[in-house]
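Analysis of the macromolecular model
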Amino acid sequence: MEEMNEKKIINEQAEGENNGGSSVNEQAESAKKDAKKDAKKEKLTGWPRVMKEIKEWVISLAVAVLTVVILKEFLLLPIMVDGNSMNPTLTDKERLLVTVYDVKIVNKLEKGDVIICNYPGRTNKDPFVGLITMDTNFVKRIVGVPGDTVSRVNGVTYVNGDALDPLARSIVSAVVKEVSTFENGETRILAEINGTERELTLEQSRRFKFDYEYVLGEDEYFVVGDNRYRSHDSRMWNGPEIERVFVNDVSGDVGPITKDMIVGRAKFVFWPMSEFEKVETNPYYAYPGDPAPENIGGK
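This one's a predicted model, so the numbers in the text were calculated from it and none came from an experiment.

**Observations concerning the confidence of the model for the protein chain**
Put simply, the protein chain has an average pLDDT of 84, and 80% of its residues get 70 or more. A low-confidence stretch, residues 1-10 (pLDDT under 50), is modelled with zero contacts involving residues beyond four sequence positions or located in other chains. Low confidence marks residues 12-21, where pLDDT is under 50. Its contacts with residues over four positions away, or in another chain, come to zero contacts.

**A few points about the environment of Leu131**
You can see Leu131 is positioned in the loop between strand 4 (123-125) and strand 5 (133-135). Using a relative accessible area of 68% as the deciding quantity, one classes Leu131 as exposed. If sequence neighbours within four positions are ignored, Leu131 has contacts with Lys125 and Asp126.

**Looking at the pairing of strand 1 (residues 76-80)**
With burial as the criterion, only one face of strand 1 is covered, namely that bearing Leu77 and Ile79; the residues Leu76, Pro78 and Met80 on the opposite face remain uncovered. Pairing between strand 1 and strand 2 (residues 95-99): five bridges, direction antiparallel. For Pro78, the partnering residue across the bridge sits in strand 2 and is Leu97.

**Section: the environment of Glu243**
Here Glu243 is to be found in the loop between strand 14 (220-224) and strand 15 (257-258). Glu243 sits in the exposed class, given a relative accessible area of 51%. For the pair formed by Glu243 and Asp253, sequence separation is 10 residues and the distance between their alpha carbons is 9.4 Å. In this structure, Glu243 is in contact with Thr187, Leu202 and Asp253, ignoring residues within four places of it in sequence.

So, how was this worked out
- Residues numbered from 1 in each chain as written.
- Predicted model: local features only at pLDDT ≥ 70, side-chain atom pairs only at ≥ 80, totals over all residues.
- Heavy atoms only, no water.
- pLDDT = per-residue confidence, 0-100.
- Contact = heavy atoms within 4.5 Å.
- Helix = DSSP H or I, 4+ residues; strand = E, 2+ residues; numbered from the N terminus.
- Buried < 20%, exposed > 50% of the residue type's maximum accessible area, 1.4 Å probe, protein only.
- Pairing = 2+ DSSP bridges.

Shown next, in the form of C-alpha cells:
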C-alpha cells in the first residue's frame, strides 16, 4: 500500500514537471516570435520603412476618397446656395442636403422639385487650387417635364397655358418668320418686330424675346428660379428655331435641360441650424403676388 502511494506521488510530480516544461516551452516559443517581430521591425529602417508608411497612407486616402465618391455620386451631396434666384424659398449662403440617389438610380424627378442642375456651357474652376474645370451648379425648380408645352408670348413664358412671369410682359412683339444658315456658317433671322420685318444676325436676335411654342421632349426639363423676375434660367431662350448661344456668363442661353444635367434633388436646408427645414416639392408655386397656376401641376 505504501509502495502504491509512493508511485502515485512520483507520477504526480512527474506530471507537474512535464506541465511545467510545457509552459516553459510555450513561453520560449512566444519569446522567439516576439524576437522575430522585433527583428523585422528593426529591419524596416530607412527607405523600406518610408515606403511602408507611404503605402499605408495611400490605402487610407484611397478608402476615404472612395467613400466620398460613393456618397457624392449615389447618396448625398452638400450644396451652398449662391445668390438670390430662389428667394423667398431659399436664401443666399444657405446649405442644402441634396439626394443624388433620386436622380442617378431611381429617376425620381417630379414637377415642382427643387433641384441642383448644370447649364450648357457654364463652368467654373475648382475652389481649392483653381486648376480643375467643373460644371457650375444652379438651384432651380422644375416647372416643365417631358410632354409639357412651353411657350412665350410678348415676353411672358407659359407652361401648359399658365403664366410663369405675368409681369414680364413686353411692349415689343417679336416673331420669327424664317431662319437661314449660309455656307460660311452665318445665321440670318427674318423677324417681325412690332409688325415690321427685319433681317437680323444671330447676335442681333439675342436682343429680343421671340414668341415660340415648344413641346418638351422625353428627356427635357424646363427649370426656373422661384424669384421669377431675378433668375437666369430656362426662359433665357428664343425657341427651337434659333440656335442657342452658350456663353460662360449670365448672357448665355439656357433653354430646356436634359436629365444628365440634373445633379440631384434638394431635400433639406441644414445650415444655418435656425433655418433647418425640408425643401418641399410644389408644382403650383407662384411668385408672391402673381396668380397661382392652374395647369402647370396637373400634367
